[in-house]
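Commentary on secondary and tertiary structure
The residues making up each chain are set out below.
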Amino acid sequence: MDFWDLTKILVRRWYVSVTLLLLTFAGTAYTAVAVKPDYSLTAYVQLIPPTAVSDPAKAAQAQNPWLALGITSLSNAAMVATQDQTFLDALKVQDDSASFEITIGDRNPVAIVEVIAPSLEQAESATALITSHYEQSVAMLQKQYGVKAADMITAYRLDKGENVKRPGGKVKRAVVVIFAIGILMTGGVTILFDALLRRRRRSKAAAPAGPAPQVVRQRPNPDVPPPEDWEKTRPLGQHVSAGNGKNGGTVVISSSAMSSDATILLPRTPRAGEPGADDDRGR
């Protein structure tokens, strides 16, 4: 079945397809109004190197090995440490509906934290937890190497929580899903309804117009003699008539002794001596 055949079925069963399409539009409109968009809050955390070293006689690389690797390396390590399963489980317990993603800038070692939550309060609280855990991960990665406080790379949040958006991606996805399901159901139900009606019509066309004729077998009446002895043993009141009386006409027998009032037509055989008997023998 191609698109043209489907269109013809939808037009032929318009009372079904139009009803389902109206329900689809109503469900889509209700979804667009009922589903609220999520809040998206973006935070930026900048890593700042130490301004001065505690011992100028030593190289900075010896005092803080992360400076030798680069601040970007520390930022990537802190990002991985922030997304450990222990912290994710704790965040899920506190706020099950919030989700986040951390990315690192290409040129500038800035951690971009994007949090999505159903409400603004949930987005703000989740963002505060994630950025705090990221700063703790930056400090912990340096402390394990015995880096002094003056030589440590510090994390500083650049924003104040004002980067709030409502992109509406959740609403768009819900609307698309509801509309697609409605269109599929419209086509499927209409095709099924059309097939049922066609099958019903074929069943009516194949059925007989009236009841089947019944053949009733009647028992022979023992009081009625066989047909060959009717002329010899016809009872009183039986009427026998021959068509024209010549050349073997048709014999009509009507008997009240029979079990029914039917009239039986039998071919009459001419007797000996009657006109036409010799002709039949010659043949």
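In this report, we go over the structure that sits alongside the text. A quick note: this is a predicted structure, and the numbers were derived from the prediction, not measured.

1. Some thoughts on the packing of helix H6 (residues 85–94) against helix H7 (residues 120–143)
Across the interface, H6 lies against H7 with an axial gap of 11 Å and an inter-helix angle of 160 degrees. Judged by the angle between their axes, H6 and H7 are roughly antiparallel. Remark: the crossing between H6 and H7 carries right-handed chirality. Contacts between H6 and H7 involve Phe87, Leu91 and Gln94 from the first element and Ala126, Leu129, Ile130 and His133 from the second.

2. Section: the pattern of salt bridges
Under the counting rule described, the total for this entry stands at four salt bridges. Arg12 is paired through a salt bridge with Asp194; the nearest N and O atoms lie 3.4 Å apart. Linking Arg12 in helix H1 (residues 3–12) with Asp194 in helix H8 (residues 169–206), this pair joins segments that are 182 residues apart in sequence. Since its relative accessible area comes to 36%, Arg12 is described here as partly exposed. In this structure, Asp159 and Arg157 form a salt bridge, with 3.0 Å as the shortest nitrogen-oxygen distance. What makes Asp159 buried here is its relative accessible area of 5%.

3. Digging into the environment of Ile183
When you line up the elements, Ile183 lands in helix H8. For the pair Ile183 and Thr24, spaced 159 residues apart in sequence, the C-alpha separation works out to 7.1 Å. Among residues more than four places away in sequence, those in contact with Ile183 are Leu21 and Thr24.

Criteria and thresholds
- Counting starts from 1 at the beginning of each chain's written sequence and moves along it residue by residue.
- Where local features are concerned, this predicted model is filtered to residues with pLDDT of at least 70; where side-chain atom pairs are given and counted, the filter is 80 or more; whole-chain, interface and lining totals use all residues.
- Hydrogens and water molecules were not included; the side-chain quantities draw on all heavy atoms of the structure.
- Whenever a helix is involved, its axis is fitted only over the stretch in contact; in every case the axis is a line through C-alpha atoms, and angles between N-to-C directions fall within 0 to 180 degrees.
- Per the convention used, a helix needs a DSSP run of H or I reaching at least four residues, while a strand needs a run of E reaching at least two, with both numbered from the N terminus.
- Angular relationships are summarised with four words: roughly parallel below 35 degrees, roughly antiparallel beyond 145, roughly perpendicular across 65 to 115, and oblique for the angles in between.
- Two helices that cross are described as forming a left-handed crossing if the nearer one is turned anticlockwise from the farther one by less than a right angle, and a right-handed crossing if clockwise.
- Contact definition: two residues touch when any of their heavy atoms are within 4.5 Å.
- The salt bridge criterion pairs a side-chain nitrogen of Lys or Arg with a carboxyl oxygen of Asp or Glu, the two atoms within 4 Å.
- For every residue, the accessible area obtained with a 1.4 Å probe (protein chains only) is divided by the maximum for its type, and the residue is called buried under 20%, exposed over 50%, and partly exposed between those limits.

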